[in-house]
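Listed below are the residues making up each chain.
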Amino acid sequence: MKISAVSHLRLVSEKIQTMQNATQWSEELERIASIIAKAPLEKAIKWGAEVFTYNGKNVISYGGFKSYFTIWFYNGVFLKDKYNVLINAQEGKTKSLRQWRLHSMEEIDEGKILEYIDEAIKVEQQGLKIKPEKFAPAPLPQLLADALKNEVDLKAAFEKLSPGRQKEYILYINEAKQESTRQNRLEKIRPMILQGAGLNDKYK
């Protein structure tokens, strides 16, 4: 199932804080952070972790996984990838984000990293971005349909949301494979819907 770019960004971003604190790669991540600090970027704390921006646009972040540590280029799809190091971690889902995976301190090349960051900044200066897909309504999951039918206030609030925000909630429920997960997600979004908020507002 395809998910929206914002939904994917939410899922990735929720993991960044933990990955930047990965003790397995502490020295390597400190080295990556010191290199990024040399670039003309602003450091922001988003979702509890460091994200580096240019004119308010997310450019790069970093983190550690079990078997590698990585640098994210949020708009990496537009990089020329001169050294053939970037990968799309989730083909068919991820559109703009690209990763540069590393496995040791010896693989960290400051010159190459700064070269990629410089190109990423130029991408933002040029305003390059992937055009959003043409909007298509998503089928209402039965669980949400039942809740809207039985709760007048929830139904009224949901109908006041923009079509885009409605679709975010629908996809959020539909993406869950387990019935228990779908139920938990419904409980999570109920107060957000009543407040007139969108699921991914804080990531936009």
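Each value, and the rule that gives it
Residues numbered from 1 in each chain as written. Predicted model: local features only at pLDDT ≥ 70, side-chain atom pairs only at ≥ 80, totals over all residues. Heavy atoms only, no water. Phe/Tyr/Trp six-rings, centres within 6.5 Å; stacked < 30°, edge-to-face > 60°. Buried < 20%, exposed > 50% of the residue type's maximum accessible area, 1.4 Å probe, protein only. Helix = DSSP H or I, 4+ residues; strand = E, 2+ residues; numbered from the N terminus. Pairing = 2+ DSSP bridges. Contact = heavy atoms within 4.5 Å. Axes fitted to C-alpha atoms, helices over the stretch in contact; angles between N-to-C directions. Expected span 1.5 Å × (residues − 1). Parallel < 35°, antiparallel > 145°, perpendicular 65-115°, else oblique. Left-handed = near helix turned anticlockwise from the far one by under 90°. Nonpolar A, V, L, I, M, F, W, Y, C, P; charged D, E, K, R; others polar.

Trainee: I keep staring at the packing of aromatic side chains and nothing clicks. Help me out?
Mentor: Each pair of aromatic rings is reported with the distance of its centres and the angle of its planes. Summed over all chains, the structure comprises 6 aromatic pairs. Aromatic pair F65 and Y68: ring centres 4.8 Å apart, planes at 25°, arrangement stacked. In this structure Y68 comes out as buried when scored by relative accessible area, which is 11%. Measuring from ring centre to ring centre gives 6.0 Å for Y83 and Y116, while their planes differ by 20°; the resulting arrangement is stacked. Of this pair, Y83 sits in the loop between strand 4 (69-73) and strand 5 (86-87) while Y116 sits in helix 3 (residues 110-125), and the two are 33 residues apart along the sequence. When its relative accessible area of 1% is taken as the criterion, Y116 is described as buried.

Trainee: It is not clear to me how the sheet that holds strand 6 (residues 98-102) should be interpreted in this structure. Could you clarify?
Mentor: Picture the strands of a sheet paired through backbone hydrogen bonds; they go either parallel or antiparallel. Pairing in this open sheet of 6 strands is antiparallel, and the strands run 1-2-3-4-6-5 from one edge to the other. Each edge of the open sheet carries a strand with a single partner, namely strand 1 (42-46) and strand 5. Examined bridge by bridge, strand 2 (residues 49-54) and strand 3 (residues 57-64) share 3 bridges and lie antiparallel to one another. Bridged to Y54 within strand 3 is K57. Its contacts with the sheet put helix 3 on strand 2, strand 3, strand 4, strand 5 and strand 6, and the angle it makes with strand 3 is roughly 150°.

Trainee: Would you take a moment to explain the pairing of strand 2 for this structure?
Mentor: Regular strands place side chains that alternate from one sheet face to the opposite one. In terms of burial, strand 2 is largely enclosed, as 6 of its 6 residues are buried. Alternating positions in strand 2 separate into two faces, A49, V51 and T53 on one and E50, F52 and Y54 on the other, with burial throughout. Bridge analysis of strand 1 against strand 2 gives 5 bridges, and the strand direction is antiparallel. What sits directly across from E42, in strand 2, is T53.

Trainee: Can you walk me through the environment of W100 in this structure?
Mentor: By the element assignment, W100 lies in strand 6. Each C-alpha atom, one on W100 and one on Y68, is 9.9 Å from the other, the two residues being 32 residues apart in sequence.

Trainee: Any chance you could explain the environment of Y169 here in plain terms?
Mentor: You can see Y169 is positioned in helix 6 (residues 163-174). Residues in contact with Y169, not counting those within four places in the same chain, are F158, L161, I189, M192, I193, A197, G198 and L199.

Trainee: How should helix 7 (residues 179-194) be read in this particular structure?
Mentor: An α-helical turn contains 3.6 residues, so a residue and the one three or four places further along point in the same direction. For helix 7, with 16 residues, the first-to-last C-alpha span of 23 Å sits near the 22 Å given by 1.5 Å per residue. Close packing links the buried residues of helix 7 with helix 4 (142-150), helix 5 (152-160) and helix 6. Directly beyond the C-terminal end of helix 7, a positive phi value near 80° is found at G196.

Trainee: What is the right way to look at the packing of helix 6 against helix 7 in this model?
Mentor: Helix packing geometry: the angle between the two helix axes and the distance between the axes. At a minimum axis distance of 9 Å, the contact between helix 6 and helix 7 shows a crossing angle of 160°. Judged by the inter-axis angle, helix 6 sits roughly antiparallel to helix 7. At the point where helix 6 passes helix 7, the crossing takes the right-handed sense. Only R182, R185, L186, K188, I189, M192 and I193 of helix 7 make contact with helix 6, whose side of the interface consists of Y169, Y172 and I173. For the contact of helix 6 with helix 7, the class distribution of residues is 7 nonpolar, no polar and 3 charged.

The quantities given are spatial measurements derived from coordinates; they are silent on function.
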